[in-house]
Amino acid sequence: MAPDAMADARDRVLEEIRGADRFCLVTHEHPDGDALGSLVAMHRVLTELGKDSVMLMAADEFPLPYEYRFFDLSGLSTVPPGDIVDRTIVFLDCGNIDRTPLGIVKGDDVHILNIDHHHDNTRFGTVDLVDPEASCTAEIVWDLMRALGVEPDQELAEALYVGLVTDTGKFMYENTGPRAHVMAAELIAAGVDTHAVYRRLYEDMPFPKLELLARALRRVERHDGGALTMGRVTREDFDATGAEDSYTEGIIDHLRTVEGTKVAALAREIASENGTPVKKVSLRSTDGEVDVSAIARAGGGGGHRQAAGFSTVLGDDELVAFLREQVAAQLAPAST
């Protein structure tokens, strides 16, 4: 989006927020740190402005992953408010409207503010504020908060900081620009205890998570000279360790650190459709040479250039063949 168009979209969103009284906030299924941080932060911003705000999530999203259970979710409902058709629906960190299971917010007559930073966002909103240059959706919420004159208390600042630190990979990913550090500095000044947040997100690990990691690492495969480093987690692994599905978070970061890796992939078995195992595949690009969001879209998913994912019913061998073909297709021009 051109700078003038971005500024216009930002102004329109600010006008919508100032002019409306009732809001319903939603995000994508299986929300991560940026999705939850942006959701909670926007809710608190609207509440500070005296607005009637409700956060809406499907009941089967609970319990949340253990690292996010510290969020204050007062104001969240798993049942749509009776007046939802009259509320402004705010989508946060959701690149595609189909990534929410909440059918009630998908009608043609729904008034939607689409606030996101995914470069492949499908622009499904009545107003779309999509900034692919932002490090995270929380950064966009932070910018709107400042424009609206809301001063963050510690809980609001922490929600934004969680979105920032998780989507930048603790400030290590290439999406970490100067603005991300300015945002971090302001949030720390507002009262964020960075050590406490870090411990909640990355330490105090349940032992079954460590057992699951050990099983996944024993199964790592490398293909095409190491360009693709891949791990798997099966239902048997979950059953044997007593681990929750969310305990796979972080495994892929071990894979992406292996020397020579261009793409790291983790396939985890999550369910079964008519006896056919369903896998969720997470993808990470180590140096940006491969756009993993393009691979994910080919598999029916989406995401960022360096972090994406999709679901599939492909068998293990078929999945490996698909990923190898996709990675090779992007690396081929560089090798000719």
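Parameters and conventions
- Residues numbered from 1 in each chain as written.
- Predicted model: local features only at pLDDT ≥ 70, side-chain atom pairs only at ≥ 80, totals over all residues.
- Heavy atoms only, no water.
- Helix = DSSP H or I, 4+ residues; strand = E, 2+ residues; numbered from the N terminus.
- Buried < 20%, exposed > 50% of the residue type's maximum accessible area, 1.4 Å probe, protein only.
- Contact = heavy atoms within 4.5 Å.
- Lys, Arg positive; Asp, Glu negative; His and termini not counted.
- Charge placed at Lys NZ, Arg CZ, Asp CG, Glu CD.
- UniProt positions renumbered as here; feature names shortened; annotations may be inferred.
- Patch = residues over 30% accessible without salt bridge, like charges linked within 9 Å, V, L, I, M, F, W, Y side chains within 5 Å.
- Areas by Shrake-Rupley, 256 points an atom, 1.4 Å probe, with all protein chains shown as cover.
- Salt bridge = Lys/Arg side-chain N within 4 Å of Asp/Glu carboxyl O.
- Pairing = 2+ DSSP bridges.
- Axes fitted to C-alpha atoms, helices over the stretch in contact; angles between N-to-C directions.
- Polar contact = N/O pair within 3.5 Å; in protein donor to acceptor, adjacent residues only side chain to side chain.
- Domains from an automatic or database assignment.
- Buried area = accessible area lost by both parts, 1.4 Å probe.
- Parallel < 35°, antiparallel > 145°, perpendicular 65-115°, else oblique.
- Left-handed = near helix turned anticlockwise from the far one by under 90°.
- Nonpolar A, V, L, I, M, F, W, Y, C, P; charged D, E, K, R; others polar.

**Re the overall build of the protein**
Of regular secondary structure, the protein possesses eleven helices and twelve strands. Expressed as a percentage of its 336 residues, the buried residues of the protein come to 49%. Look at the contacts in the protein between residues 6 or more apart in sequence, and 63% of them connect residues 24 or more apart. With 32 positive and 58 negative side-chain charges, the protein shows a spacing of 3 Å between the two charge centroids.

**Observations regarding the UniProt feature "domain: DDH" (unreviewed entry) in the protein**
Under the UniProt annotation, the feature "domain: DDH" (unreviewed entry) is placed at residues 23-163. Overall, residues 23-163 shows 26% helix and 18% strand. The separation of its end C-alpha atoms is 21 Å.

**Concerning a negative patch on the surface**
On the surface, a cluster of negative charge is made up of D4, D8, D11 and E15. For D8, the position within the fold is in helix α1 (residues 3-19). Using a relative accessible area of 44% as the deciding quantity, one classes D8 as partly exposed.

**Thoughts on the pattern of salt bridges**
Tallying each qualifying case throughout the model produces 25 salt bridges. For the salt bridge of R200 with E158, the shortest nitrogen-to-oxygen distance reads 3.1 Å. Remark: E158 occurs in helix α4 (residues 154-167) and R200 occurs in helix α6 (residues 194-202); sequence separation between them is 42 residues. E158 sits in the buried class, given a relative accessible area of 9%. A salt bridge links R219 to D237; the nearest nitrogen and oxygen atoms lie 2.5 Å apart.

**Looking at the environment of H254**
Within the element layout of this structure, H254 appears in helix α9 (residues 251-256). On the basis of relative accessible area, H254 is assigned to the partly exposed category, the value being 40%. Here the alpha-carbon distance between H254 and L160, two residues 94 residues apart in the chain, equals 26 Å.

**Observations concerning the pairing of strand β6 (residues 127-130)**
Of the two faces of β6, both are covered, the one formed by V127 and L129 as well as the one formed by D128 and V130. Where strand β5 (residues 112-116) and β6 come together, four bridges link them in parallel fashion. When the sheet's bridge partners are listed, I115 is paired in β6 with L129.

**Overview of the sheet that holds β6**
Taken together, the six strands give an open sheet; going across it, the order is β3-β2-β1-β4-β5-β6, and neighbouring strands pair in parallel fashion. Of all the strands in the sheet, just β3 (76-77) and β6 have a single pairing partner and so form its edges. With respect to the sheet, helix α2 (residues 33-48) is in contact with β1 (22-27), β2 (52-56), β4 (88-92) and β5, its orientation differing from that of β1 by roughly 170°. Where helix α3 (residues 137-147) meets the sheet, it contacts β4, β5 and β6, and its direction lies at approximately 115° from that of β5.

**Some words on the side chain of T27**
Secondary-structure assignment places T27 in strand β1. Within the structure, T27 has its side chain in polar contact with the backbone oxygen of L92 (distance 2.7 Å). Other than its neighbours up to four places away in sequence, T27 contacts A35, L39, L92, D93 and T100.

**Some remarks on the domain arrangement of the protein**
When the domains of the protein are assigned, the result is domain 1 (3-202) and domain 2 (207-330). Each of domain 1 and domain 2 has a C-alpha centre, and these two points are 27 Å apart. On the domain 2 side, the residues contacting the twelve residues of domain 1 number 18 residues. For the pair domain 1 and domain 2, the two sides together bury roughly 1100 Å², of which 44% comes from carbon and sulfur. When the buried surface of domain 1 facing domain 2 is broken down by residue, Y66, H119 and Y173 rank first, second and third, together holding 39% of it.

**Let's talk about the packing of α2 against α3**
Put simply, α2 and α3 touch, their axes get as near as 8 Å, and they point 15° apart. On the basis of their axis angle, the class for α2 and α3 is roughly parallel. For α2 against α3, the interelement crossing comes out left-handed. Together, D34, S38, A41, M42 and V45 of α2 and T137, A138, V141, L144 and M145 of α3 make up the contact between the two elements. Split into classes, the residues belonging to the contact of α2 with α3 amount to seven nonpolar, two polar and one charged.

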